[in-house]
Amino acid sequence: MSGARAAPATPRAALILPRASSQPSAGGLTSGSFAASNRRRGDFVFVVNPSGANGRTGKQWKQLLPHLHTRLADQCNICECITSGPSHAIDVTREAIKDGADAVIAVGGDGTLHEVVNGFFWKGSPVRALDRGPDHSTTFGLIPLGTGSDFARTFGWTNDPCDAIDRIVRGAKSKLDIGVMEGPNREPHFFVNVADIHLSAKAGYFASMYKRFGNLCYVFGALRGFWGHNNQDMRIKVNGGEWRTVHKVTALCIGNAKYFGGGMKITPTADPFSGNLEVVILQDFKWYDFLLKLHRLYGGTHLSVNGVSSIRVQSIEVAEVTASGDIFVQSDGEHFGFLPTKFSVLPGAVDFFC
């Protein structure tokens, strides 16, 4: 699923249905407004990408529903939204929050997660419920069922959806940081996991074309990314300071969390509750450097390797020394665009089931 840019809000999303019984009905989903949910209990909206993981997400979700209702139906109205294409999860999340949902839970991989996070915002500001008062907030949750599920790795979570449901039932919450990125048009876009620039972003762009191969898509994406790759000099500005040049950049990664690319611990000290982003810069890497140091990149022990540096920031701006307009930028594995781009953090922006 592509979530590269937040689409304008559409009319109220269909395919949301509150489930009041302890078991899902046999009739499937019908069109209806989320606002029609029973207000005696909170509304939990589960945003499901049925095509995630080559269709496995949709199948797993159907198998999971009876257990979900057994665990949650006596506590809340369970509402489903089956997404129909790119950006649908953004739109339905916004509508659910405006209608007063108590929680919106992403069901799928990092692409679905990315879209749901962007649905918590509109034109750079948090979306608010229209009739629940200023103190009401919607909690963000995750049931990881996708290809990579890299964000979940930061917390040591498995891909067992029953564990995720247990977390939601417990109801423990923390204030989660959200990353913000702005391209040349200054339109804010949001990320929750890792944003990255140049080789890794180009590899991610190509990897999205091979999702049918599962985690092998990252290998195929890297091979295509290396084809014709050249390290580039870049300019960076940290926390609003002075511009400085960083030479022969292979990749520059901005982590709110730790993992990307199917389990690579690229920003190993990132903490999504810290109010900071970790920036890791790889300089003058050749193709054979990745082969020789791949185990260290996956293990998160690469910060001491020659040509690798790390800094913690509240904001960083990145631009080319000589503008070409073809340096890739991605966030949460979704293509964003090209340099220049500014990255910053919104500390504790969203309540999160953890």
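Above this text sits the structure in question.
Model, not experiment: these values are computed from the prediction.

**Student:** In this structure, what is going on with the packing of helix H2 (residues 88-98) against helix H3 (residues 110-119)? I would like to understand it.
**Tutor:** What describes two packed helices is the angle between their axes and the distance between those same axes. It is at 7 Å that the axes of H2 and H3 come closest, and there the two elements cross at 40°. Judged on the interaxial angle alone, H3 and H2 are oblique. Remark: the crossing between H2 and H3 carries right-handed chirality. Contacts between H2 and H3 involve His88, Ala89, Ile90, Thr93, Arg94 and Ile97 from the first element and Glu115, Val116, Asn118 and Gly119 from the second. Split by residue class, the contact of H2 with H3 holds four nonpolar, four polar and two charged.

**Student:** Looking at this model, I keep getting lost on the pattern of salt bridges. Mind explaining?
**Tutor:** Where charged atoms from two side chains of opposite charge come close, those side chains can pair. One pass over the structure, following the stated rule, counts eight salt bridges. With its nearest N and O atoms 2.9 Å apart, the salt bridge here joins Asp351 to Lys175. Residue Asp351 is located in strand S18 (residues 341-353), and its partner Lys175 is located in strand S8 (residues 173-182); the two are separated by 176 residues in the primary sequence.

**Student:** Can you walk me through helix H7 (residues 216-226) in this structure?
**Tutor:** What sets the pattern is the α-helix's 3.6 residues per turn: residues three or four places apart point alike. When H7 is considered as a whole, its buried residues turn out to be Cys217, Gly221 and Gly225. For H7, the angular spread of buried residues about the axis comes to 70°, placing them on one side. Among the structural elements, helix H6 (199-207) are those in contact with the buried residues of H7. Just beyond H7, the residue with positive phi is Gly228, at close to 75°.

**Student:** Could you clarify how one ought to interpret helix H8 (residues 287-299) in this entry?
**Tutor:** Between its first and last C-alpha atoms H8 spans 19 Å; for 13 residues at 1.5 Å apiece the expected length is 18 Å, and the two agree. In H8, a bend of some 65° at Lys293 exceeds every other bend along the element. Here H8 has its buried residues at Asp289, Phe290 and Leu297. Of the surrounding secondary structure, the elements contacted by the buried residues of H8 are H6, H7, strand S12 (243-255) and strand S13 (277-283). Where H8 terminates, the next one or two residues include Gly300, which has phi positive at roughly 75°.

**Student:** Teacher, can you tell me more about a nonpolar patch on the surface here?
**Tutor:** Taken together, the side chains of Phe213, Leu216, Val219 and Leu223 define a hydrophobic patch exposed on the protein surface, amounting to about 380 Å² of accessible area. For Leu216, the position within the fold is in helix H7. Leu216 sits in the partly exposed class, given a relative accessible area of 47%.

Basis of the calculations
- Residues numbered from 1 in each chain as written.
- Predicted model: local features only at pLDDT ≥ 70, side-chain atom pairs only at ≥ 80, totals over all residues.
- Heavy atoms only, no water.
- Axes fitted to C-alpha atoms, helices over the stretch in contact; angles between N-to-C directions.
- Helix = DSSP H or I, 4+ residues; strand = E, 2+ residues; numbered from the N terminus.
- Parallel < 35°, antiparallel > 145°, perpendicular 65-115°, else oblique.
- Left-handed = near helix turned anticlockwise from the far one by under 90°.
- Contact = heavy atoms within 4.5 Å.
- Nonpolar A, V, L, I, M, F, W, Y, C, P; charged D, E, K, R; others polar.
- Salt bridge = Lys/Arg side-chain N within 4 Å of Asp/Glu carboxyl O.
- Buried < 20%, exposed > 50% of the residue type's maximum accessible area, 1.4 Å probe, protein only.
- Arc of directions from axis to C-beta.
- Expected span 1.5 Å × (residues − 1).
- Bend = angle between axes of the 7 residues up to and from the residue.
- Patch = residues over 30% accessible without salt bridge, like charges linked within 9 Å, V, L, I, M, F, W, Y side chains within 5 Å.
- Areas by Shrake-Rupley, 256 points an atom, 1.4 Å probe, with all protein chains shown as cover.

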